[in-house]
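Fold and geometry: a report
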Amino acid sequence: MTPYELSKLIHMELSPVAPRLSAAINRALVDIGEGSVLVGLGPGTNENDNVSFQESETIQATDADADGALAKIQAMMWKLEEHSSWKVIIDMKTKRPGQPLELLYTLVRIKEGL
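The following paragraphs examine the structure supplied in this document. (Residues numbered from 1 in each chain as written. Predicted model: local features only at pLDDT ≥ 70, side-chain atom pairs only at ≥ 80, totals over all residues. Heavy atoms only, no water.)

Describing the overall build of the chain
The helix and strand inventory of the chain stands at three helices and three strands. Secondary structure elements in the chain, listed N-terminal to C-terminal, are α-α-β-α-β-β. With 114 residues in all, the chain has 32% of them scored as buried. A fraction of 63% describes how many contacts in the chain between residues 6 or more apart in sequence connect residues 24 or more apart. Carbon together with sulfur atoms contributes 53% to the accessible area of the chain, which is approximately 6900 Å² in total. Each charge class in the chain was averaged separately, 11 positive and 16 negative side chains, and the resulting centres sit 3 Å apart. (Helix = DSSP H or I, 4+ residues; strand = E, 2+ residues; numbered from the N terminus. Buried < 20%, exposed > 50% of the residue type's maximum accessible area, 1.4 Å probe, protein only. Contact = heavy atoms within 4.5 Å. Areas by Shrake-Rupley, 256 points an atom, 1.4 Å probe, with all protein chains shown as cover. Lys, Arg positive; Asp, Glu negative; His and termini not counted. Charge placed at Lys NZ, Arg CZ, Asp CG, Glu CD.)

In structure tokens:
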């Protein structure tokens, strides 16, 4: 699966529930990508460079909807890790009944085997 196909799939699945995560993954896969084999490029642009950035999001959802949103996010994270070198670390503020779901995403590209 190409980065563009993966980005499109994740966007279709995640944009209704977590649009900021969907946009961050699009940035990771399409704008930053897997890196170039060329040397002498700026920091983070070589294929062996580790790259990370963060995004936060507040999801207005009932408790049942929040559980469904988290399940969909997790399923797409497995798909992302399976088809790219990007990983997403998700931190969640303690969920209280009736309160929105507050998430912090850290997207990381770590090339293993160095």
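More follows now that the structure is in view.
Considering the nonpolar core
Membership of the largest hydrophobic core comes to 23 residues, with the highest contact counts inside it found for Leu21, Ile25, Ile73, Tyr105 and Leu107. At the level of secondary structure, the elements contributing two or more residues to this core comprise helix 1 (3–14), helix 2 (19–32), strand 1 (51–59), helix 3 (63–83), strand 2 (86–92) and strand 3 (101–109). In contact with Ile25, other than residues within four places in its own chain, are Ile10, Leu14, Met77, Leu80 and Leu107. (Core = buried A, V, L, I, M, F, W, Y, C linked by side-chain atoms within 4.5 Å.)

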